[in-house]
Amino acid sequence: MVTASVTGDVLLSKAMKQVGDVGDLWENQGIFRVIAKVLRHPLFSLGIAAMAIAFFALLFGLSWGDVSLIAPASASLTFVGNMIAAKLFLHERVDRRRCIAVAFVACGVVLLAF
Amino acid sequence: MTFRKYLVLVGVAVFGSIGDSLLSRGMKDIGTISVSHLQSLIVALANWWILGGIVLLIGFFAAYMTALSWADLTYVLPATSIGYVIIALIAKFVLHEQVTAARWIGILLITSGVGFVAGGPALTPLPEHSSPEPQREDEPELASTRGNS
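Residues numbered from 1 in each chain as written. Chains lettered and ligands numbered in written order. Predicted model: local features only at pLDDT ≥ 70, side-chain atom pairs only at ≥ 80, totals over all residues.

### A few points about the overall build of chain B
Rule in force here: Helix and strand definitions follow DSSP, with helices as H or I runs of at least four residues and strands as E runs of at least two, each counted in order from the N terminus. Burial in this document is a count-based property: other C-beta atoms within 10 Å of a residue's C-beta are tallied, and the residue is buried at 20 or more, exposed at 12 or fewer, or partly exposed in between, with C-beta positions derived from the backbone. Throughout, a residue-residue contact means that the two C-beta atoms, derived from backbone geometry, are no farther apart than 7 Å.
The helix and strand tally for chain B stands at 7 helices and 0 strands. The N-to-C order of helical and strand elements in chain B reads α-α-α-α-α-α-α. Per-residue burial for chain B yields a buried fraction of 32% across its 149 residues. Counting only contacts in chain B whose residues sit at least 6 apart along the sequence, the fraction spanning at least 24 positions is 74%.

Next comes the structure, spelled out in structure tokens:
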């Protein structure tokens, strides 16, 4: 579930970076052309497919695990996984500030379950 | 970062958390759905809470895609996780659920994490040594988006 979710986020992020700033495009080309451009992007469809797999994996996980364990654990691991994947595949510069932010949020999400 | 961009980030957090809360409220009306009776999911669509939740989650997705078009993934995810805090506050003050001490600490940690990342740049320039894929002719805006954070 974590793998599929991270894959989906990375693919969607990559697709939207290639599409460009939606705000600028909207002003220049109109909202419908922007939506069409996003929907036609192949990485966008792949990202949606990965998200769908993640959703069904979560449902499957919830069928054998406790919701108060599965939901925060997967959300928290997804945060950390996304940080590593963004550094590796999107070449984002993950500095100390962002590492601390992700660690804080991941721990916070786990604590919310108690 | 313009005011409008902050509004989009707030939209991601607010639409996502309230949308989830509405779905949760609606599914309490519907009750448990077993895998062998998936057709009852269609019935769930007739519930106003569920419909409202779906509309808000479409808004969430549009805002999320917009944010990803001009900000890093490692910026958008922590910055919009303030939605978890919104859900906890809705649970406490609207649904009157009990929020434990551990949850308050969690809320504090998430809020500080959001503060950390929101103070930094939204889009980091590509490192010099990496070679991004060749830019396509019809998408010149990528060059202008990168680097002007």
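### Quick word on helix H1 (residues 2–19) of chain A
In an α-helix, one turn spans 3.6 residues, which is why side chains three or four residues apart end up on the same side. Residues and elements named next belong to chain A. Put simply, the rule reads: What a helix is expected to span follows from its residue count: subtract one and scale by 1.5 Å.
Spanning 18 residues, H1 covers 26 Å between terminal C-alpha atoms, matching the ideal 26 Å at 1.5 Å per step. Most of H1 sits inside the fold, with 16 of its 18 residues counted as buried. Remark: Gly 20 follows H1 within two positions and exhibits a positive phi of approximately 105 degrees.

### Focus on the confidence of the model for chain B
Residue and element names in this part refer to chain B. Here is the rule: The pLDDT value tells you how sure the predictor is about a given residue, anywhere from 0 up to 100.
Summary statistics for chain B give a mean pLDDT of 76 and a share of 79% for residues scoring 70 or more. Across chain B, helix H3 (residues 48–70) holds the top mean pLDDT of 89, while helix H7 (residues 141–145) sits lowest at 43. Ignoring residues within four places in sequence, the model shows residues 127–149, a span with pLDDT below 50, making 23 contacts including any to other chains.

### Comments concerning the interface of chain A and chain B
In many analyses, interface size is given as the accessible surface area lost on bringing the parts together. As a reminder of what qualifies: Three categories are distinguished: nonpolar for Ala, Val, Leu, Ile, Met, Phe, Trp, Tyr, Cys and Pro, charged for Asp, Glu, Lys and Arg, and polar for the others, with Gly belonging to the last.
Contact residues are listed per partner, giving 36 residues for chain A and 35 residues for chain B. Elements with a contribution of two residues or more to the side of chain A that touches chain B: H1, helix H2 (22–29), helix H5 (67–89) and helix H6 (96–111) of chain A. In terms of residue count, H6(A) provides more of the side of chain A that touches chain B than any other element does, 11 residues in total. For the side of chain A that touches chain B, a count of residues per class yields 21 nonpolar, 7 polar and 8 charged.

### Structural notes on the environment of A:Leu25
Residue and element names in this part refer to chain A. With respect to the element layout, Leu 25 can be found in helix H2. By the C-beta count within 10 Å, which is 18 here, Leu 25 ends up partly exposed. Along the chain, Leu 25 and Lys 37 lie 12 residues apart, while their C-alpha atoms are 10.0 Å from each other. When residues no more than four places from it in sequence are discounted, the contact partners of Leu 25 are Gly 20 and Val 34.

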